[in-house]
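If you want the building blocks of each chain, they are given just below.
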Amino acid sequence: MTRPVSVDQLLAGDEEKKPKFLGKKRRLVESTEHIGSQTFKRSTTSRAGKYEDIQVNDVGSDSNDLRALAAKSAKMLREKNDREGKGRDAVGITDDYLGKHWSDKKYDEMTTRDWRIFCEDFSISTKGGTAEKPLRNWHELNLIPPDLLDIITNKLHYKEPTPIQRSTIPNVRNNRDFVGVASTGSGKTLSFLLPIFIKLSNRPPLNSITKLDGPVALILAPTRELAQQIQREGSMITKLWKRPCNIVSIVGGHSLEEISASLRDGCDILVATPGRLIDCLESHIVLLKQLELLVLDEADKMIDFGFEDQLTTILARTEALPNRQTMMFTATFSPAIEKVANGYLKKSIYVTIGGEESKPNIKQIIEYVPDDDDQKFNMLTNVFLPKYKSPIIIFINYKTTADWLFEKFKGTKFRVSTLHGSKSQEQREHSLKLLRNGKVDILIATDVAGRGIDIPNVSLVVNFQFPKKFDSFVHRVGRTGRAGKSGAALTFLGDSEDEGLMTSLFDYVKKNDVCLLYTSDAADDSLRVD
């Protein structure tokens, strides 16, 4: 058998082909020289089967370089197709090279990368196991019955779901417990009302027997104003819905006899404050035999208001129900909220909308006035109020201040009403109705109106007196700049403000302000953000 030809014989007489053994330094030098002078070639084939070389010098991994290469490839193929009479859009060729944006794809074409970009676009983050994909629009997944979809899109004109709505609806359809963390004005109310209506659409209406077994859905809210607001928003849908659906709210300020009368015909959805609900449960006015969905709205405020014991009592009472699904919504995920969620929710999915980079679209205005209410009032009416349209909310700490301001405004062109703890329930509802209907321009309120009340299109919030707790400041300011709209917050400060609160205010406006203004030369230097 003939021996194979040796390597030495193959390379004999050709010195250039003999292998070179280089030191480390020389290898690095030659490698750099080779890369610097390299011309990249790629053979591409046209549809006719012919080949052309595309040469791009010094193409790196930068996205701009890759786009340039894609554009050149597209241009050459377009020219060839034009010559052959096939004309194809170069933009489409570039899309094939880099991939289309998620908004240009069908649902089935979405890749893992597309969903990641989608969640980044809407600041959606999830934890707690496998989460369902968010809604891209109202109709795509057929999760909403046609009659409800028509009400939402055509009659109420909600063209696109908000981020919290995109996440909530698909994740609760399989009776999974849910925790949503989102700021005020983000559309949380509709995000839990829609799943309730979807669940009700699969059930027969109440009859003479089932109406005695209590509601199918129970919504807990921290304040009577928020509970009644949820009832109003739900009634906007039920009035347009062919299926009979009764929504009732039970809150303080109404006697048990009045509540019993309102529940005589039964209810599909019950909205309540925790304390009043427990009163009705203990009096056997309300039963929860057929409860399937429990919603805790603004759970962090219920904890702040001292309702934790009542909240856990209600959760414990409903825990034994076989089909109970719990949804919790909160603006902050505090340790107390986490404790409740871990103790009473089962295998829940956690969805957070926004993050530290998410800032409210509110212009912060800080005005220093040395503890003189008359000077504050004159500056407010002459400098600020003429610049803003109604509705406007002025927050104060004491009802005596509210009454004093009400008298002062009688000599101006502004129409005002007041809202504080000494008002009856009917008077509170009347004051809010006047502001919503445009019968008054300004609402003067204590913090009772700062929690959960949604007055549409508030242009200006005024902190005539700085609150005793910084959380109250955040919730006051949250009455404007809601649902993606811009707003303004004017805060008066004096010489007697608490140093700790001023430090918190400094940190807040530095982190969240859109435009921090000081209209007084005497502005406190400790609050100035350079």
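As shown above, the structure is provided for reference.
To start, this report covers the structure provided alongside it. (Residues numbered from 1 in each chain as written. Predicted model: local features only at pLDDT ≥ 70, side-chain atom pairs only at ≥ 80, totals over all residues. Heavy atoms only, no water.)

Take helix α16 (residues 399-409) next. Among all positions of α16, only T401, A402, L405 and F409 are buried. One side of α16 holds all its buried residues, which, seen down the axis, span an arc of 100°. The inward-facing, buried residues of α16 contact α15 (373-384), β12 (392-395), β13 (416-419) and β14 (442-445). (Buried < 20%, exposed > 50% of the residue type's maximum accessible area, 1.4 Å probe, protein only. Helix = DSSP H or I, 4+ residues; strand = E, 2+ residues; numbered from the N terminus. Arc of directions from axis to C-beta. Contact = heavy atoms within 4.5 Å.)

Before going further, it helps to examine the packing of aromatic side chains. What characterises a pair of aromatic rings is the spacing of the ring centres plus the angle enclosed by the ring planes. Scanning the model with the defined rule gives 17 aromatic pairs in all. Pairing F118 with F122 gives two aromatic rings, centres 4.9 Å apart and planes at 50°, and the pair type is tilted. Look at F122 and you get partly exposed, because its relative accessible area is 21%. Residues F197 and W241 carry aromatic rings whose centres are separated by 5.5 Å and whose planes lie at 75° to one another, so their mutual orientation is edge-to-face. Within this pair, whereas F197 is found in helix α8 (residues 188-201), its partner W241 is found in the loop between α9 (224-238) and β6 (247-250), the two being separated by 44 residues in sequence. Under the relative-accessibility criterion, F197 is labelled buried at 0%. W241 sits in the buried class, given a relative accessible area of 6%. In this structure, R166 is placed above the aromatic ring of F122, and the distance from its NZ or CZ to the ring centre is 4.2 Å. The positively charged end of K376 is found above the aromatic ring belonging to F464, 5.3 Å away from the centroid. (Phe/Tyr/Trp six-rings, centres within 6.5 Å; stacked < 30°, edge-to-face > 60°. Lys NZ or Arg CZ within 6 Å of the ring centre and 35° of its normal.)

Let us now look at helix α14 (residues 335-344). For α14, the set of buried residues is I337, V340, A341 and Y344. For α14, the angular spread of buried residues about the axis comes to 95°, placing them on one side. The exposed residues of α14 that point more than 90 degrees off its buried face are P335, K339 and N342. The inward-facing, buried residues of α14 contact β4 (178-181), α12 (299-304), α13 (308-318), β9 (325-330) and β10 (349-353).

Orientation of helix α11 (residues 274-282) relative to α13, taken along the N-to-C sense of each, is 45°, at an axis distance of 9 Å. In terms of orientation, α11 and α13 fall into the oblique class. Pair α11 / α13 crosses with left-handed handedness. On the side of α11, the interface is formed by P274, L277, I278, L281 and E282, while α13 contributes Q310, T313, I314 and R317. Of the residues in the contact of α11 with α13, the class split is five nonpolar, two polar and two charged. (Axes fitted to C-alpha atoms, helices over the stretch in contact; angles between N-to-C directions. Parallel < 35°, antiparallel > 145°, perpendicular 65-115°, else oblique. Left-handed = near helix turned anticlockwise from the far one by under 90°. Nonpolar A, V, L, I, M, F, W, Y, C, P; charged D, E, K, R; others polar.)

For residues that are not glycine, phi is negative in most cases, and the peptide bond is trans in most cases. S390 connects to P391 through a cis peptide bond whose omega is 5°. Phi at S123 takes a positive value of approximately 55°, unusual for a residue other than glycine. Looking at the secondary structure, you find S123 in the loop between α5 (112-121) and β3 (124-127). On the basis of relative accessible area, S123 is assigned to the partly exposed category, the value being 28%. The phi dihedral of H157 falls on the positive side, at around 60°, and the residue is not glycine.

A word on the pattern of salt bridges. All told, the structure shown has 16 salt bridges when counted by the stated rule. In this structure, the salt-bridge partner of D150 is K155, at a minimum N-O distance of 3.8 Å. Taking the relative accessible area as the measure of exposure, K155 reaches 42% and is therefore partly exposed. With a shortest N-O distance of 3.2 Å, E225 and R428 are connected by a salt bridge. Here E225 is found in helix α9, whereas its partner R428 is found in helix α17 (residues 425-436), with 203 residues between them in sequence. (Salt bridge = Lys/Arg side-chain N within 4 Å of Asp/Glu carboxyl O.)

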